Amino acid sequence: DLQAAENDYIKAKRAWSVESARMDRKVADLREKAADKEKYTNKERLAFLDQAIALETKKAEKDKELAEQNLRNLQSEAERSANDAAMNDKLAEAERAVIEADTRLSDTKRSLNIERQEAIRGVNGETAATKGYTKAVNELRQALEGIRMLSIDEAIKERTNKNKELAENISEVTDRVVL
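Per chain, the residues get numbers from 1 upward, laid out in the order the sequence is written. A pLDDT threshold of at least 70 governs which residues receive local features in this predicted model, and a stricter bar of 80 or more applies before side-chain atom pairs are shown or counted, although totals over entire chains, interfaces and linings include all residues. Excluding hydrogens and water, the side-chain figures rest on all heavy atoms present in the structure.

1. Brief notes about the overall build of the protein
The way it works is that DSSP assigns letters per residue, a run of H or I at least four long becomes a helix, a run of E at least two long becomes a strand, and they are numbered from the N terminus. Helix and strand counts for the protein come out as 3 helices and 0 strands. The secondary structure elements of the protein, listed N-terminal to C-terminal, are α-α-α. This radius of gyration counts C-alpha atoms alone. The globule rule is 2.2 Å times how many residues there are, raised to the power 0.38. In terms of overall dimensions, the protein is more spread out than a globule: its C-alpha atoms have a radius of gyration of 38 Å, far above the 16 Å expected for 179 residues. Taken along its principal axes, the extent of the C-alpha atoms in the protein is 140 × 25 × 25 Å. Remark: exposure states derive from per-residue accessible area (1.4 Å probe, protein chains only) relative to the maximum for the residue type, with buried under 20%, exposed over 50%, and partly exposed in between. Classification of the 179 residues of the protein by burial places 21% in the buried group. A fraction of 72% describes how many contacts in the protein between residues 6 or more apart in sequence connect residues 24 or more apart. If you sum the accessible surface of the protein, you get close to 13100 Å²; carbon and sulfur atoms cover 53% of it. We call two residues in contact when some of their heavy atoms are within 4.5 Å. Using a 1.4 Å probe, accessible areas were evaluated by the Shrake-Rupley method; residue-level cover was limited to the displayed protein chains.

Set out below in structure tokens:
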């Protein structure tokens, strides 16, 4: 039972070593994209950062889980045998690893959330700028529509005046013909 648990831990740690490296590479790629302000919008950068946060959190949680599994295995082993200095050192080291993994998890979440908040502020700023731009465009459209309406009104007045002149001319001609 204890040997099986130890073998499971060794297999899990070995598999995790490779998977953890892959996740580190993926996180590095995502963080690089999240930092590229020229190529990606703030919303895209925020999405990359959210993906990186999820991976980093999963990684830190798995590290903690493995450290806890190792500590449980060592505690089971210590319960079955006489505790000598070497075993006490292993237990202390395993407990330290659990605490450090927990600390890394907290630190990772905190630092990535700070980056996320900065990205959110960028998205909000981008949104505000877009709203300001949209408002300015709408005001310009209204102004142009007003100018267009004035032009139409002026054209109507001009046409009306010409029609009055023509009507007067026709009236004069009609008056002469009748006389």
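2. Some words on the confidence of the model for the protein
For the protein, the average pLDDT comes to 84, and 94% of its residues sit at 70 or higher. Within the protein, the element-level pLDDT minimum falls on helix H3 (residues 85–178), averaging 79, and the maximum on helix H1 (residues 2–35), averaging 93. As a per-residue measure, pLDDT tells how confident the predictor is, with possible values from 0 to 100.

3. Remarks on the side chain of asparagine 73
Its location among the elements puts asparagine 73 in helix H2 (residues 42–80). By relative accessible area, asparagine 73 is classed as buried at 8%.

4. Considerations on the pattern of salt bridges
The term salt bridge refers to a side-chain nitrogen of Lys or Arg lying within 4 Å of a carboxyl oxygen of Asp or Glu. Summed over the entire model, instances satisfying the criterion amount to 12 salt bridges. Residue lysine 59 pairs with aspartate 24 through a salt bridge whose shortest N-O separation is 3.4 Å. Remark: aspartate 24 occurs in helix H1 and lysine 59 occurs in helix H2; sequence separation between them is 35 residues. The partner of arginine 96 in a salt bridge is glutamate 100, and the shortest N-O contact between them spans 2.4 Å. Of this pair, arginine 96 and glutamate 100 both sit in helix H3, 4 residues apart, which is roughly one turn of the helix. Using a relative accessible area of 34% as the deciding quantity, one classes arginine 96 as partly exposed. Because the salt bridges share partners, they merge into one network encompassing Asp24, Lys59 and Asp63.

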